[in-house]
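Fold and geometry: a report
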Amino acid sequence: MKGLRDQVTKPVVLIAEELSPATVDALGPDFEIRHCNGADRAELLLAIADADAILVRSATKVDAEALTAANRLKVIARAGVGLDNVDVKQATLSGVMVVNAPTSNIVSAAELAVGLLLAAARHITPANAALRNGEWQRSRYTGVELFEKTLGIVGLGRIGVLVAQRLSAFGMRMLAHDPYVQAGRAAQLGVRLVALDELLSEADFISVHLPKTPETVGLIGAEALARCKPSAIIINAARGGIVDEDALHDALKAGRLAGAGIDVYTTEPCTDSPLFELDTVVATPHLGASTDAAQEKAGVAVARSVRLALSGELVPDAVNVQGGMIAEDVRPGIPLTEKLGRIFTAVAGEVAQQLDVEVRGEITEHDVKVLELAALKGVFTDVVEETVSYVNAPLLATERGLSVRLVTDPESPDHRNLVTLRGTLSDGSQVSVSGTLIGIQHRERLVEVNGYDVDIEPADHLAFFTYQDRPGMVGAIGRILGAHDINIGGMQVARDRQGGHALVALTVDSAIPADVLAEIAAEMDAELARNVELAS
């Protein structure tokens, strides 16, 4: 009877997709392991009802419906990097920890980028196809050496660093563009930081390693490609859409570029692209994480996180909440503070050197350390290519020279509780954003930006403009957005004094493209024009 009782009281871990045997081994004997087909909705909803943890890959959707059906769920573990199939916001509100394996694929992704670069440099794909077709064409497929050539890395995050380290062994000169990395940190890696235009014009090989944000979509477009050498080769193994595929095709076909290696696409799966018709393109179907080693690392990593989470310990790869107890009054502030971090970085346009996370009001009766971590997570979410967690966020801050301080004050004159992120930039200027929660539904409100009082919901698509206060500016914004079929959801104007400086904060129904943002900024002679995308 004792053995049966022990079995019944073990926490239930539900494995909803096929994972490596090493994943199950890493869970150990302390759990009751159950399996289901997570892609079968009815089966999933039935099986998750009494699960303490669920392990998924990409086919199982853990959304609000699944979370409602889960009566005992404490942790969702995604054996991989992406979290598109997990409703992280709803999980946070439900007190369910979400974990993933943010570093499981970085080596595989870096190695694939290097492989694409070598294959494009030496025409390996078309030469292989020709030989298999009975053609011996050595002179047609003469390639180029990497030795003493210049590599331009666009995005010097962890994968970009790994690529730099590997290709430095080929005797390449290293340039990088990354506004969120300090020059001293790059110099330690043997990399010189430069402006994007300089990198494009000087590099023989360009490798993209950026997160996908409104600012990076189409970053390598027709204008950028026109600055490249005709002998340049471009590699994108990061995110589809950062390199404009149509512009890339046109440049390659016209001979304005020598070649490309592409692993990611604007729309996936992608089986029909004009790029596939060109011998100068090496194309793969998003294989960055597709190695046995990466898959096994991901499974083992999340299995260990599940063990930690169910034992109440600190979980290094927690995406939404820190390991251990978080007060119920503090929990709703976590997603708000993450959003404030993303808004802060977008408004700043760089990573600050000093950041104060100021928490005021009744909430300070509890431990609010998690809000400092939430702020850092938000600050770096749109800066680095890898997934940001509550443990690697402080490490990212250290790597980029950001000093952070948590400041608490029980007094909050204007709001029951208030969270402010206040930072000092490299030129000594300051940026600040503040937010609060309203009512029993904890509605999120952005209430201050750079000293201007606002009252606006931090919606999926935001934009901010500062300018010299004068008539006609609000109309100009509406006219330009209307001409591009972008609908304004809400708008507020704040100013320091009549005829002084003013700020416009607005929500829109769809993202404002970079060229439209630039058009508005030019019309207003804006001192600051920033997009913020909170939809992802």
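Quick summary incoming for the structure in this document. Quick caveat: nothing in here was measured; it's all calculated off a predicted structure. (Residues numbered from 1 in each chain as written. Predicted model: local features only at pLDDT ≥ 70, side-chain atom pairs only at ≥ 80, totals over all residues. Heavy atoms only, no water.)

**Re the packing of helix α15 (residues 369-381) against helix α16 (residues 392-399)**
Where α15 meets α16, the axes come as close as 8 Å, and the angle between the chain directions of the two elements is 60 degrees. Between α15 and α16, the angle falls in the class oblique. Like other packed secondary-structure pairs, α15 and α16 cross with a definite hand, here left-handed. Facing Leu 373, Leu 376, Lys 377 and Phe 380 of α15, the residues of α16 in contact are Ala 393, Pro 394, Leu 396 and Ala 397. Classifying every residue of the contact of α15 with α16 gives seven nonpolar, no polar and one charged. (Axes fitted to C-alpha atoms, helices over the stretch in contact; angles between N-to-C directions. Helix = DSSP H or I, 4+ residues; strand = E, 2+ residues; numbered from the N terminus. Parallel < 35°, antiparallel > 145°, perpendicular 65-115°, else oblique. Left-handed = near helix turned anticlockwise from the far one by under 90°. Contact = heavy atoms within 4.5 Å. Nonpolar A, V, L, I, M, F, W, Y, C, P; charged D, E, K, R; others polar.)

**Looking at the nonpolar core**
Counting 52 residues, the largest nonpolar core has Phe 380 and Phe 464 as the members making the most contacts within it. Not counting the four nearest positions on each side in its chain, Phe 464 is found in contact with Ile 343, Val 347, Leu 446, Val 449, Val 504, Ala 505, Leu 528, Ala 529, Arg 530 and Val 532. Val 114, Ile 159, Ala 164 and Ile 235 belong to the second largest nonpolar core, which has 32 residues in total. (Core = buried A, V, L, I, M, F, W, Y, C linked by side-chain atoms within 4.5 Å. Buried < 20%, exposed > 50% of the residue type's maximum accessible area, 1.4 Å probe, protein only.)

**Things to note about the pairing of strand β21 (residues 501-508)**
If a strand is regular, its side chains alternate between the two faces of the sheet. Buried residues dominate β21, accounting for seven of its eight residues. As paired strands, strand β19 (residues 461-468) and β21 are joined by seven bridges and run antiparallel to one another. Each residue of the ladder has a partner; that of Gln 468, found in β21, is His 501. In this structure, the hairpin formed by strand β20 (residues 488-495) and β21 is closed by a connection of five residues, where Gly 499 is found at a positive phi of approximately 80 degrees. (Pairing = 2+ DSSP bridges.)

**Considerations on the side chain of Lys 377**
Along the polypeptide, Lys 377 turns up in helix α15. Residue classification places Lys 377 among the buried residues on the basis of a relative accessible area of 8%. Here Glu 338 takes part through its side chain, which lies 3.2 Å from a polar atom of the side chain of Lys 377. Leaving out residues up to four positions away in the same chain, Lys 377 has contacts with Val 319, Glu 338, Val 388, Tyr 390 and Ala 393. (Polar contact = N/O pair within 3.5 Å; in protein donor to acceptor, adjacent residues only side chain to side chain.)

**Regarding the sheet that holds β20**
Pairing between the strands of a sheet is mediated by backbone hydrogen bonds and can be parallel or antiparallel. Overall, antiparallel pairing links the four strands, which are arranged β20-β21-β19-β22 in an open sheet. Edge positions in the open sheet fall to β20 and β22 (528-533), since each of these has one partner strand only. Adjacent strand axes in the sheet meet at a mean angle of 15 degrees, parallel and antiparallel pairs treated alike. This element, helix α14 (residues 333-348), spans β19 and β22 of the sheet and lies at about 150 degrees to β22. Sheet strands touched by helix α17 (residues 473-483): β19, β20 and β21. Its angle to β20, the strand with the most contacts, is close to 155 degrees.

**Observations regarding the sheet that holds strand β11 (residues 259-262)**
What the seven strands build is an open sheet, ordered β8-β7-β6-β9-β10-β11-β12; its pairing is parallel. Looking at which strands have only one partner, the edges of the open sheet turn out to be β8 (192-193) and β12 (281-283). In the sheet, β11 pairs with β12 via three bridges, with the strands oriented parallel. Bridge assignment links Gly 261 to a residue of β12, and that residue is Val 282.

**Here we look at α15**
Between its first and last C-alpha atoms α15 spans 19 Å; for 13 residues at 1.5 Å apiece the expected length is 18 Å, and the two agree. Counting buried positions over the 13 residues of α15 gives 11, a clear majority of the element. Within α15, burial applies to Val 370, Leu 371, Glu 372, Leu 373, Ala 374, Ala 375, Leu 376, Lys 377, Gly 378, Val 379 and Phe 380. Tucked inside the fold, the buried residues of α15 contact α14, β13 (354-361), α16, β14 (403-409) and β15 (417-424). (Expected span 1.5 Å × (residues − 1).)

**A word on α17**
Three or more residues of α17 are buried, namely Met 473, Ala 476, Ile 477, Ile 480 and Leu 481. The buried residues of α17 occupy an angular sector of 120 degrees when the element is viewed end-on, so they sit on one face. Turning to α17, the residues buried within the fold contact β19, β20, β21 and α18 (514-524). Immediately downstream of α17, the backbone of Asp 485 shows phi near 60 degrees, a positive value. (Arc of directions from axis to C-beta.)

**Side note on the packing of aromatic side chains**
According to the stated counting rule, one finds one aromatic pair in the structure shown. Considering the side-chain rings of Tyr 265 and Phe 276, the 5.8 Å spacing of their centres and the 85 degrees angle between planes classify their relative orientation as edge-to-face. On the criterion of sequence distance, the pair formed by Tyr 265 in the loop between β11 and β12 and Phe 276 in the loop between β11 and β12 is long-range, its members being 11 residues apart. Take Tyr 265: its relative accessible area is 6%, and that puts it in the buried class. (Phe/Tyr/Trp six-rings, centres within 6.5 Å; stacked < 30°, edge-to-face > 60°.)

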